[in-house]
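Here's the letter readout for the chains.
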Amino acid sequence: SKTQLSAIGMANNVNKQGFSFREYISFMGGLGSLNSGGGRGDSGLPIANGLGDGFVTTKAGGLNYNVEIGKKVDINSSYFFNSITNDIQQVVNRQTLIEEGGFNTTQVAELINQNKNHRLNSRIESKLDSSQQLITTIAAGWNDGNSTSQSNSSNLSEGNQFISGGDY
């Protein structure tokens with residue numbers, strides 16, 4: 001009755017984060033637990049609001065463990081993982097008209113941004129006696145971001161003859 005273990009997880013590709021503020025607070029043990037700092041640290045909520053452009057895929061999961069050992073020791077700990085990938089694809093077709101006949105330009109570009117966030121928080125509260133207590137708080141977080149882009153373009157005459165092009 002003095003132990004709590006909870007898990008939460010989600011994955012989607014519908015341009016939504018998936019967790020609301022209310023769901024995250026409930027998972028972490030309620031607003032009172034968040035305010036007291038138990039196992040939560042002060043590194044903020046891993047909830048994204050503006051997910052950006054393109055096709056967005058999100059993944060998130062976490063574990064929360066709280067235990068009261070006797071009447072003197074409380075341990076609160078949590079781990080949370082969050083990943084957001086934005087895949088932005090763009091195709092531009094442009095026609096340039098000049099006196100000499102003009103040309104057509106086609107440009108295809110793709111940009112992929114991926115961000116991963118890990119958070120580990122722990123709080124140990126030891127009641128030494130009726131007037132003293134020792135609180136140990138451990139918080140760690142690490143982020144990993146990666147961005148890749150690829151683009152190519154080609155210029156064709158009005159008769160669809162290749163003029164120039166390039167890959168970037």
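See the structure above.
Residues numbered from 1 in each chain as written. Predicted model: local features only at pLDDT ≥ 70, side-chain atom pairs only at ≥ 80, totals over all residues. Heavy atoms only, no water.

## Side note on the overall build of the protein chain
Our working definition: The numbering of helices and of strands both runs from the N terminus, where a helix is a DSSP run of H or I of at least 4 residues and a strand a run of E of at least 2. To sort residues, take the accessible area from a 1.4 Å probe on protein chains only and compare it with the maximum for the residue type: under 20% means buried, over 50% means exposed, and anything in between is partly exposed. The contact rule is simple, with two residues in contact once any of their heavy atoms fall within 4.5 Å. Areas reported here follow the Shrake-Rupley algorithm with a probe of radius 1.4 Å; residue values treat only the protein chains shown as occluding.
If you tally the helices and strands in the protein chain, you get two helices and six strands. The 168 residues of the protein chain split such that 30% are buried. Across the protein chain, every contact between residues at least 6 apart in sequence was considered, and the portion connecting residues at least 24 apart equals 63%. Per element, the accessible surface of the protein chain, about 10,800 Å² overall, is 50% carbon and sulfur.

## Some points on the side chain of T105
To keep things clear, this is the line we draw: Each polar contact in these results corresponds to two N or O atoms within 3.5 Å; when the atoms are within protein, one needs to be able to donate a hydrogen and the other to accept it, and residues that are neighboring in sequence are counted only if both atoms are side-chain atoms.
Among the secondary structure elements, T105 is positioned in strand β4 (residues 103-129). A polar contact of 2.6 Å, which involves the side chain of T105, links it to the side chain of N155. Sequence-distant contacts of T105, that is, excluding residues within four places in its chain, are made with V92, N93, R94, S154 and N155.

## Some details on the environment of G165
Tracing the backbone through its elements, the reader meets G165 in strand β6 (residues 162-167). The exposed category is assigned to G165, whose relative accessible area is 52%. Remark: the alpha-carbon pair of G165 and N152, spanning 13 residues in sequence, is separated by 7.3 Å. Sequence-distant contacts of G165, defined by excluding residues within four places in its chain, comprise S153 and S154.

## Points about the sheet that holds strand β1 (residues 3-12)
Counted only if it meets this: Pairing between strands requires that DSSP locate at least two bridges from one strand to the other. A fitted line through C-alpha atoms serves as each axis, taken over the contacting stretch for helices, and the angle formed by two N-to-C directions is quoted from 0 to 180°.
Pairing within the open sheet is antiparallel, and its six strands lie in the order β1-β2-β3-β4-β5-β6. Every other strand in the sheet has two partners, leaving β1 and β6 as the edge strands with one partner each. When strand polarity is set aside, the average angle formed by the axes of neighbouring strands in this sheet is 5°. In the sheet, strand β2 (residues 55-69) pairs with strand β3 (residues 73-96) via 15 bridges, with the strands oriented antiparallel. Residue pairing across strands places L63 opposite Y79, the latter belonging to β3.

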